[in-house]
Amino acid sequence: MGMALFYLIGTFFYVSRIPERWRPGWFDLAGHSHQLFHVFVILGALAHYGAARMLIVWRDNVGCHVIN
């Protein structure tokens, strides 16, 4: 859920061109929508990594029981 939320927020900034649409010229070097998009993509990737790490720990503790 966290990964999807971060990706959706990043996509919103990228598609809507906020904040440079509200203040043209103010975000030419830093803080424009493409940079915000990349920040949220990285946060989404970190959320994905955290979830995968939790699943690996769970698998190591509980395990997958194979019935022969």
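Residues numbered from 1 in each chain as written. Predicted model: local features only at pLDDT ≥ 70, side-chain atom pairs only at ≥ 80, totals over all residues. Heavy atoms only, no water.

Definition in use: UniProt positions are given in the numbering used here, feature names are shortened, and annotations may be inferred rather than shown by experiment.
Per an unreviewed UniProt entry, the protein chain carries the name Adiponectin receptor 1 and comes from Kalanchoe fedtschenkoi. Of the protein chain, the UniProt comment under Subcellular location (unreviewed entry) reads exactly: "Membrane".

1. Digging into the side chain of Ser-16
Note the threshold: Segments assigned H or I by DSSP are reported as helices when at least four residues long, segments assigned E as strands when at least two residues long, and all are numbered from the N terminus. Each residue is placed in one exposure class: buried if its accessible area under a 1.4 Å probe, protein chains only, is under 20% of its type's maximum, exposed if it is over 50%, and partly exposed if it falls in between. In protein, a polar contact means a hydrogen-donor-capable atom and an acceptor-capable atom, both N or O and within 3.5 Å, with residues adjacent in sequence counting only if both atoms are side-chain atoms; elsewhere, any N or O pair within 3.5 Å suffices.
Along the polypeptide, Ser-16 turns up in helix H1 (residues 2–16). A relative accessible area of 9% places Ser-16 in the buried class. Within the local environment of Ser-16, its side chain forms a polar contact with the backbone oxygen of Phe-12, the two atoms lying 2.7 Å apart.

2. Some points on the UniProt feature "transmembrane region" (unreviewed entry) in the protein chain
Here the UniProt-annotated "transmembrane region" (unreviewed entry) positions come out as residues 33–51. Each end of residues 33–51 is marked by a C-alpha atom, and these two atoms are 27 Å apart; helix forms 100% of the span and strand 0%.

3. As for the packing of aromatic side chains
For clarity, the threshold we go by: Side-chain rings of Phe, Tyr and Trp, where Trp is taken by its six-membered ring, are said to pair if the distance between their centres is within 6.5 Å; with planes under 30 degrees apart they count as stacked, over 60 as edge-to-face, and otherwise as tilted. Whether a charge sits over a ring comes down to the Lys NZ or Arg CZ being within 6 Å of the ring centre and within 35 degrees of the ring normal.
In the structure shown here, the tally under the stated rule is 4 aromatic pairs. When the centroid spacing of 5.7 Å and the interplanar angle of 15° are considered together, the rings of Phe-13 and Phe-40 count as stacked. Placement of Phe-13 in helix H1 and of Phe-40 in helix H2 (residues 33–62) is noted, with a sequence separation of 27 residues between them. Following the ring pairs from residue to residue traces out a cluster consisting of Phe-6, Phe-12, Phe-13 and Phe-40. The lysine or arginine in question, Arg-17, covers the ring of Tyr-14, its NZ or CZ lying 5.2 Å from the ring centre. The ring of Trp-26 carries Arg-23 above its face, with NZ or CZ at 4.6 Å from the centroid.

4. Some details on the environment of Phe-27
Defined as follows: Contact criterion: two residues are considered in contact whenever any of their non-hydrogen atoms come within 4.5 Å of each other.
Relative to the assigned elements, Phe-27 resides in the loop between H1 and H2. C-alpha of Phe-27 to C-alpha of Thr-11: the two residues are 16 residues apart in sequence and 18 Å apart in space. Once you skip the residues sitting within four places of it in the chain, Phe-27 turns out to touch Pro-19, Glu-20 and His-32.

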